[in-house]
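Working through the structure, step by step
If you want the building blocks of each chain, they are given just below.
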Amino acid sequence: MSTTAVFSVEGMSCGHCERTVTAGLAALPGVTGVNAHAATGRVTVESTADLDEAVVRNTVGEAGFTLVGRV
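Not measured: the values here are computed from a predicted model.

Let's shift gears to the nonpolar core. Among the nonpolar cores identified, the biggest contains 18 residues, and M12, L25, V43 and V56 are the most heavily contacted of them. Only β1 (3-10), α1 (15-26), β2 (31-37), β3 (42-47) and α2 (53-62) provide two or more residues apiece to this core. Ignoring anything within four residues of it in the chain, the contact list for V43 reads A5, V6, F7, V9, M12, V21, L25, V34, N35 and A36.

Structure follows, in structure tokens:
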């Protein structure tokens, strides 16, 4: 079973930012796909199970950005 979650992330402004967020989230267990879009501040994450928002928040924070929450 696959699930998709969309998150709002502050601080992304370029392709490098998108790649940084994508790499961090892609490394989480169960994540099968990540699509970060700086212009909208949205990150779509596909995974095999629901993601713990606290884990996503921490991962995004470690990458230097702020997770606002689920959209």
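On to the sheet that holds β3, then. The strands making up a sheet associate through hydrogen bonds between their backbones, and the pairing can be parallel or antiparallel. Spatially, the four strands line up as an open sheet ordered β2-β3-β1-β4, and their pairing is antiparallel. Looking at the sheet topology across the chains shown, the edges are occupied by β2 and β4 (66-70). For this sheet the average axis-to-axis angle between neighbouring strands, irrespective of direction, equals 25 degrees. Contacting β2 and β3, α1 crosses the sheet at an angle of about 160 degrees to β2.

On to α1. In a regular helix each residue adds 1.5 Å, so 12 residues correspond to 16 Å; α1 covers 16 Å between its end C-alpha atoms and thus fits that length. Here α1 has its buried residues at C17, V21 and L25. The buried residues of α1 all sit within an arc of 55 degrees when viewed along its axis, so they share a single face. Summarising the geometry of α1, the exposed residues directed more than 90 degrees from the buried face are H16 and R19.

Attention shifts here to the pattern of salt bridges. Enumeration according to the criterion identifies two salt bridges in this entry. One salt bridge in this structure joins R57 and E53, with 3.1 Å as the shortest N-O distance. Within this pair, R57 and its partner E53 are both found in helix α2, separated by four residues, close to a single helical turn. Salt-bridge contacts for R70 lead to E53; the nearest nitrogen and oxygen are separated by 3.7 Å. Remark: E53 occurs in helix α2 and R70 occurs in strand β4; sequence separation between them is 17 residues. When salt bridges that share partners are traced, they join E53, R57 and R70 into one network.

Here is what the cut-offs are and how they apply
- Residues numbered from 1 in each chain as written.
- Predicted model: local features only at pLDDT ≥ 70, side-chain atom pairs only at ≥ 80, totals over all residues.
- Heavy atoms only, no water.
- Core = buried A, V, L, I, M, F, W, Y, C linked by side-chain atoms within 4.5 Å.
- Buried < 20%, exposed > 50% of the residue type's maximum accessible area, 1.4 Å probe, protein only.
- Helix = DSSP H or I, 4+ residues; strand = E, 2+ residues; numbered from the N terminus.
- Contact = heavy atoms within 4.5 Å.
- Pairing = 2+ DSSP bridges.
- Axes fitted to C-alpha atoms, helices over the stretch in contact; angles between N-to-C directions.
- Expected span 1.5 Å × (residues − 1).
- Arc of directions from axis to C-beta.
- Salt bridge = Lys/Arg side-chain N within 4 Å of Asp/Glu carboxyl O.

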